[in-house]
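Secondary and tertiary structure notes
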Amino acid sequence: MTDLTGSLAADWETALMLGRLALPEGPTPVLVRGGRLYDISGFAPTVADAVARRAVLAEASGRDLGRLDTLEFASARDEAAPSNALKLLAPVDLQCVKASGVTFAVSAIERVIEERAQGHADRARDIREALKDKVGTDLSAVQPGSDEAASLKAALSREGLWSQYLEVAIGPDAEIFTKAPPLAAVGWGDHVGVRSDSRWNNPEPEIVLVCDAAGAVAGATLGNDVNLRDFEGRSALLLGKAKDNNASCALGPFIRLFDDGFTIEDVRRARVSLEVEGADGYRLTGESSMDQISRDPLELVHQTIGRNHQYPDGFALMLGTMFAPVEDRDTPGLGFTHKPGDLVRVSSERLGTLENVVTTCDQAPPWTLGIGELMRNLAGRGLLEAAS
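What counts, and where the lines are drawn
- Residues numbered from 1 in each chain as written.
- Predicted model: local features only at pLDDT ≥ 70, side-chain atom pairs only at ≥ 80, totals over all residues.
- Heavy atoms only, no water.
- Helix = DSSP H or I, 4+ residues; strand = E, 2+ residues; numbered from the N terminus.
- Buried < 20%, exposed > 50% of the residue type's maximum accessible area, 1.4 Å probe, protein only.
- Contact = heavy atoms within 4.5 Å.
- Polar contact = N/O pair within 3.5 Å; in protein donor to acceptor, adjacent residues only side chain to side chain.
- Phe/Tyr/Trp six-rings, centres within 6.5 Å; stacked < 30°, edge-to-face > 60°.
- Lys NZ or Arg CZ within 6 Å of the ring centre and 35° of its normal.
- Arc of directions from axis to C-beta.

Structurally, the position occupied by Leu-89 is in strand β5 (residues 87-89). Taking relative accessible area as the criterion, Leu-89 reaches 16% and is therefore assigned buried. Along the sequence, Leu-89 and Asp-190 sit 101 residues apart, while their C-alpha atoms lie 8.2 Å from each other. If we skip the residues at most four places from it in the chain, Leu-89 touches Arg-20, Leu-21, Ala-22, Pro-27 and Gly-187.

Now the structure itself:
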């Protein structure tokens, strides 16, 4: 069992945080307030409802489950968790999980490399060296959609270096895609999956904004946008298979709600770190700086929701990463790829640490709880009637 407070921000006792637990009666929204954990299912049967009612959430009543630092939580690292261990779920439920790609210069370069290497890691090194000097420096300083961006596009096109990935990196339209449907994401301590037929893949440590149906940002959490580089590199049309698989989206530990002590400015200034520890003794570390993002987080929100696309239950938006591991793990020239048993930690000072253990998608616990089953569960508990 694990003391979850080691995975939370240093000021967790004063933070207002929203999440979900797997209780015997079913998935349950919980609130961390004043360092205590409350079951708020009687106030809001889903996290989507709680986000929509966040103006009064700080005063919401609920069943007191105890001080957070006295509770034990089950993790995939535990060989056998005792029956009283709590299981943390992804802190969203009815929200669709969206993601924005190629939002940092280095990620744009790596996507071009994948495209040129056609999904083969052993070809990536030479392409990386050829592209970095010609594209990287200029790209990081260009405002997407600007006249300067259009001039750079023309220059790179003349040199045969233009790419569909550079189009979304510096063009007027951001890349926004669906990472996971409602209820498909996994939470802190769970297994995270890569397809067993992928030979080149990596974690993507990101900050995730949680928004209501109007597109207003309620708070933020951490995410791992697991990516299959070989699949997407073979064809951009394989993005769905590269990104959306069983257990391929991890979120958590909690949504930290915006208040006087935590705002969108903290997101804009955040640093996101990654640590991978392999069962083979391998260790990888890296860091992203949100102040290097090419599009402001709120611009990405505005490109996700509007007159052309609505989200009645709100949505979560992964903001992208500047971290793409390129160091060789085993064979020279093959770069980094996951192995089952890897322990992945995504951390940020104000949001804590999201921790997961890598397995293959076919070996991860299958996704079985859909919207219909959740509604039947909530109805059977009398929570839908109470909420109405």
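So, next bit.
This part is about the side chain of Glu-275. Looking at where Glu-275 falls in the secondary structure, it is placed in strand β14 (residues 271-277). When its relative accessible area of 18% is taken as the criterion, Glu-275 is described as buried. Looking at Glu-275, its side chain comes within polar contact range of the side chain of Arg-283, at 3.1 Å. Discounting residues that sit within four places of it in the chain, Glu-275 has contacts with Arg-283, Leu-284, Thr-285, Leu-343, Val-344 and Arg-345.

Going through the model one piece at a time under the given rule, you end up with three aromatic pairs. Each ring, one from Tyr-311 and one from Phe-315, has its centre 4.9 Å from the other, and the planes form 45 degrees; the classification is tilted. The positively charged end of Arg-234 is found above the aromatic ring belonging to Phe-231, 5.1 Å away from the centroid.

For helix α10 (residues 371-380), every residue scored as buried is listed here: Leu-374, Asn-377 and Leu-378. The buried residues of α10 occupy an angular sector of 95 degrees when projected down its axis, which confines them to one face. Those residues of α10 that are exposed and angled more than 90 degrees off the buried face are Arg-376 and Gly-380. Just beyond α10, the residue with positive phi is Gly-382, at close to 75 degrees.

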